[in-house]
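Each chain, written out:
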Amino acid sequence: ANRVPAEPQIAEQEPKAEQESSAPEASASADGMPLLLLGADTSGQWKCDTCSLRWDAKLTKCKACESFRPGLSEEDIAAMKAEEERRRQEDIAKFTGSATAAKPTGFSFGSS
């Protein structure tokens, strides 16, 4: 006799809102590294809109996903991006500028 196996029962999942509220929130320590907080005080911190990690209020950019802190004006973000680009160009110049070119030492190969 051929028996048809019983169809497995699938448990319903809890609503997403309840799942999210029971998960620990991530936060950042003083050195900027994210931490998991279980009911800890999060005053003086901001929550990243992109990755949901919490960071110290002194930071303006998420160290995980590099999104800017919510509430910054377009002018503030533009100024910070300009400063980042200026620093990047300075760093590039350290390696490509004439100041880092090899200086003659008087040593040569095969000459006497």
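Since this is a predicted model, take the numbers as computed values, not measurements.

## As for the overall build of the protein
At step 1: Check the secondary structure of the protein and you find two helices and four strands.
At step 2: Along the protein, helices (α) and strands (β) appear in the sequence α-β-β-β-β-α when read from the amino end.
At step 3: Within the protein, buried positions represent 15% of all 112 residues.
At step 4: Residue pairs in contact within the protein that sit at least 24 positions apart in sequence constitute 13% of those at least 6 positions apart.
At step 5: Counting only carbon and sulfur atoms, one obtains 53% of the accessible surface of the protein, whose full area is about 9,600 Å².

## What about the pattern of salt bridges?
At step 1: By the definition in use, this model includes six salt bridges.
At step 2: The closest approach of N and O atoms between Arg88 and Glu85, which form a salt bridge, is 3.0 Å. With a gap of three residues between them, Arg88 and Glu85 both fall in helix H2 (residues 74–96), about one helical turn apart.
At step 3: On the basis of relative accessibility, which here comes to 43%, the residue Arg88 falls in the partly exposed class.

## Some points on the side chain of Ser67
At step 1: For Ser67, the location among the structural elements is in the loop between strand E4 (54–56) and H2.
At step 2: At 2.8 Å, the side chain of Ser67 and the side chain of Thr50 are in polar contact.

## Some words on unusual backbone geometry
At step 1: A positive phi angle, close to 70 degrees, is found at Ser52, a residue other than glycine.
At step 2: For Ser52, the location among the structural elements is in the loop between strand E3 (45–47) and E4.
At step 3: A positive phi is found at Glu66, a non-glycine position, where the angle reads about 65 degrees.

## A closer look at the confidence of the model for the protein
At step 1: Put simply, the protein has an average pLDDT of 74, and 55% of its residues get 70 or more.
At step 2: The secondary structure element of the protein with the lowest average pLDDT is helix H1 (residues 16–22), at 43, and the one with the highest is E4, at 94.
At step 3: The low-confidence segment residues 13–24 (pLDDT under 50) makes five contacts with residues lying over four places distant or belonging to another chain.

## Side note on the environment of Ala64
At step 1: Checked against the element boundaries, Ala64 lands in the loop between E4 and H2.
At step 2: Considered as a pair, Ala64 and Cys48 are 16 residues apart in the sequence and their alpha carbons are 9.3 Å apart.
At step 3: Setting aside residues no more than four positions away along its own chain, Ala64 makes contact with Cys51, Leu53 and Trp55.

Thresholds applied
Residues numbered from 1 in each chain as written. Predicted model: local features only at pLDDT ≥ 70, side-chain atom pairs only at ≥ 80, totals over all residues. Heavy atoms only, no water. Helix = DSSP H or I, 4+ residues; strand = E, 2+ residues; numbered from the N terminus. Buried < 20%, exposed > 50% of the residue type's maximum accessible area, 1.4 Å probe, protein only. Contact = heavy atoms within 4.5 Å. Areas by Shrake-Rupley, 256 points an atom, 1.4 Å probe, with all protein chains shown as cover. Salt bridge = Lys/Arg side-chain N within 4 Å of Asp/Glu carboxyl O. Polar contact = N/O pair within 3.5 Å; in protein donor to acceptor, adjacent residues only side chain to side chain. pLDDT = per-residue confidence, 0-100.

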